[in-house]
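Chain by chain, the residues:
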Amino acid sequence: MKLHGFPPSPRTWAARAVAAQLGMPLELVLVDLSKGQQHAPDYRAINPTGRAPTLVDGDFVLWETTAIMQYLAGQKPNTLWPDDARVRADIVRWQSWTLAHWEKDSCVPLVFERLVKPILGAGPPDEAVIARALENFARDARILETHLASQPYLVGQALTLADFSVAGPLVYAQQAGMPLADYPKLSEWFARVSALPCWKQTAPQPAAAA
Ligand SMILES: N[C@@H](CCC(=O)N[C@@H](CS)C(=O)NCC(=O)O)C(=O)O
């Protein structure tokens with residue numbers, strides 16, 4: 001299986017970390033976002049959205065990181081994606097919330113304004129966007145803080161895909177000035193997840209972010 005992606009990107013990172021955790025070989029094909037390779041016609045042919053990552057497994061092509069994670073974890077029995085309807089629904093709940101709120105409203109705007117813009121030379125950070133994102137971050141981080149007060153991982157007592165999905169947007173928390181320290185249980189959980197050997201194996205280069 002091949003993953004077309006950009007190692008500094010948190011989404012590429014999360015998909016590769018899931019494969020590493022499952023012990024599945026996943027060949028990386030570089031799509032250098034800093035060079036605009038996501039818009040190249042041969043890449044657009046497999047991913048018309050012009051975004052990374054994209055998984056290619058023989059003649060099966062899949063984009064959207066959440067779907068990629070579920071596909072990888074569906075290849076063999078494992079505890080990241082247990083064969084139990086309620087546990088899977090619970091995992092999908094957190095993945096959906098991340099896509100709709102946590103990643104989109106809270107984390108990505110901070111990473112873009114404070115980290116990506118300076119790297120791209122795309123002008124000064126927009127302070128109004130940052131202020132709104134910080135409000136959203138407080139709203140969402142409180143939910144995680146309360147939830148993680150009574151359990152070590154997002155779904156039950158064990159690591160699942162939900163943890164990879166929700167932790168991914170925090171990869172650049174420090175560089176993007178996310179106020180994680182205000183949320184001790186969330187910070188402990190993030191330290192636990194990011195200390196996994198699979199995260200270290202696939203860790204992004206800090207030179208660029210996307
Ligand atoms: N919803 C998509 C988002 C993919 C996405 O936005 N990827 C970023 C990198 S983390 C990207 O390709 N950005 C380049 C661009 O939008 O031109 C997913 O979860 O896979």
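Novice: I keep staring at the overall build of the protein and nothing clicks. Help me out?
Specialist: If you tally the helices and strands in the protein, you get eight helices and four strands. Starting at the N terminus and ending at the C terminus, the protein contains elements arranged as β-α-β-α-β-β-α-α-α-α-α-α. Its C-alpha atoms put the protein at 45 × 45 × 25 Å along the principal axes. Looking at the 210 residues of the protein, the share that counts as buried comes to 48%. The long-range fraction of contacts in the protein, counting pairs at least 24 apart against all pairs at least 6 apart in sequence, stands at 66%. Of the charged side chains in the protein, 19 are positive and 20 negative, and the gap between their average positions amounts to 1 Å.

Novice: Before we go on, may I ask you to explain the site of the ligand in this structure?
Specialist: Near the ligand lie 11 residues; those nearest to it are Arg-11, Gln-38, Ala-52, Glu-64 and Thr-65. The side chain of Gln-38 places a nitrogen or oxygen atom 2.9 Å from an oxygen atom of the ligand. Side-chain polar atom of Thr-65 to an oxygen atom of the ligand: 2.7 Å apart, as the coordinates give it. About the coverage of the ligand: the protein hides 80% of its 510 Å² of free accessible area. The class makeup of the residues in the shell around the ligand is four nonpolar, four polar and three charged.

Novice: How should I be thinking about the pattern of salt bridges in this particular structure?
Specialist: Here the structure, examined in full by the defined rule, presents eight salt bridges. The residue Glu-113 makes a salt bridge to Lys-117 at a minimum N-O spacing of 2.9 Å. Note that Glu-113 and Lys-117 are positioned in helix 4 (residues 85-120) at a spacing of four residues, about one turn of the helix. Here Glu-113 matches Lys-117 in class, with each residue buried. It is possible to trace a salt-bridge network through shared partners that takes in Lys-104, Asp-105, Arg-139 and Asp-140.

Novice: Just checking my understanding: could you explain the packing of helix 1 (residues 10-22) against helix 3 (residues 65-73) for this structure?
Specialist: A packed helix pair is summarised by two numbers, namely the angle formed by the two axes and the spacing between the axes. Running from amino to carboxyl end, helix 1 crosses helix 3 at an angle of 5 degrees, the nearest separation of the two axes being 10 Å. Taken as axis vectors, helix 1 and helix 3 run roughly parallel relative to one another. Along the contact surface, helix 1 presents Arg-11, Ala-14, Ala-15, Val-18, Ala-19 and Leu-22, while helix 3 presents Thr-65, Ile-68, Met-69, Leu-72 and Ala-73. For the contact of helix 1 with helix 3, the class distribution of residues is nine nonpolar, one polar and one charged.

Novice: Can you walk me through the domain arrangement of the protein in this structure?
Specialist: The parts lose accessible area when they come together, and the size of an interface is often stated as this lost area. Looking at the protein, the domain boundaries give domain 1 (2-78) and domain 2 (85-200). Each of domain 1 and domain 2 has a C-alpha centre, and these two points are 20 Å apart. The partner domain 2 presents 14 residues to the 13 residues of domain 1 that form the contact. Summed over both sides, the interface of domain 1 with domain 2 buries roughly 1,300 Å², with 67% coming from carbon and sulfur. In this structure, the connection of domain 1 to domain 2 is made through one salt bridge. Where Arg-11 meets Glu-103, a salt bridge forms, and the shortest distance between an N and an O atom there is 3.1 Å. Sort the elements by how many residues they give to the side of domain 1 that touches domain 2 and helix 1 lands first, with eight residues. Its residues assigned to classes, the side of domain 1 that touches domain 2 comprises nine nonpolar, three polar and one charged.

Novice: Could you clarify how one ought to interpret the pairing of strand 2 (residues 27-30) in this entry?
Specialist: Strand residues, when the strand is regular, have side chains that alternate between the two faces of the sheet. Summarising the sheet, strand 1 (residues 2-5) and strand 2 pair through four bridges and their orientation is parallel. Its bridge partner being in strand 2, His-4 is matched across the sheet by Val-29. In this region the chain leaves strand 1, passes through helix 1 and returns to the parallel neighbour strand 2; the handedness of that crossover is right-handed.

Calculation rules
Residues numbered from 1 in each chain as written. Predicted model: local features only at pLDDT ≥ 70, side-chain atom pairs only at ≥ 80, totals over all residues. Heavy atoms only, no water. Helix = DSSP H or I, 4+ residues; strand = E, 2+ residues; numbered from the N terminus. Buried < 20%, exposed > 50% of the residue type's maximum accessible area, 1.4 Å probe, protein only. Contact = heavy atoms within 4.5 Å. Lys, Arg positive; Asp, Glu negative; His and termini not counted. Charge placed at Lys NZ, Arg CZ, Asp CG, Glu CD. Near = heavy atom within 4 Å. Polar contact = N/O pair within 3.5 Å; in protein donor to acceptor, adjacent residues only side chain to side chain. Areas by Shrake-Rupley, 256 points an atom, 1.4 Å probe, with all protein chains shown as cover. Nonpolar A, V, L, I, M, F, W, Y, C, P; charged D, E, K, R; others polar. Salt bridge = Lys/Arg side-chain N within 4 Å of Asp/Glu carboxyl O. Axes fitted to C-alpha atoms, helices over the stretch in contact; angles between N-to-C directions. Parallel < 35°, antiparallel > 145°, perpendicular 65-115°, else oblique. Domains from an automatic or database assignment. Buried area = accessible area lost by both parts, 1.4 Å probe. Pairing = 2+ DSSP bridges. Right-handed = clockwise from strand over helix to strand, strands pointing away.

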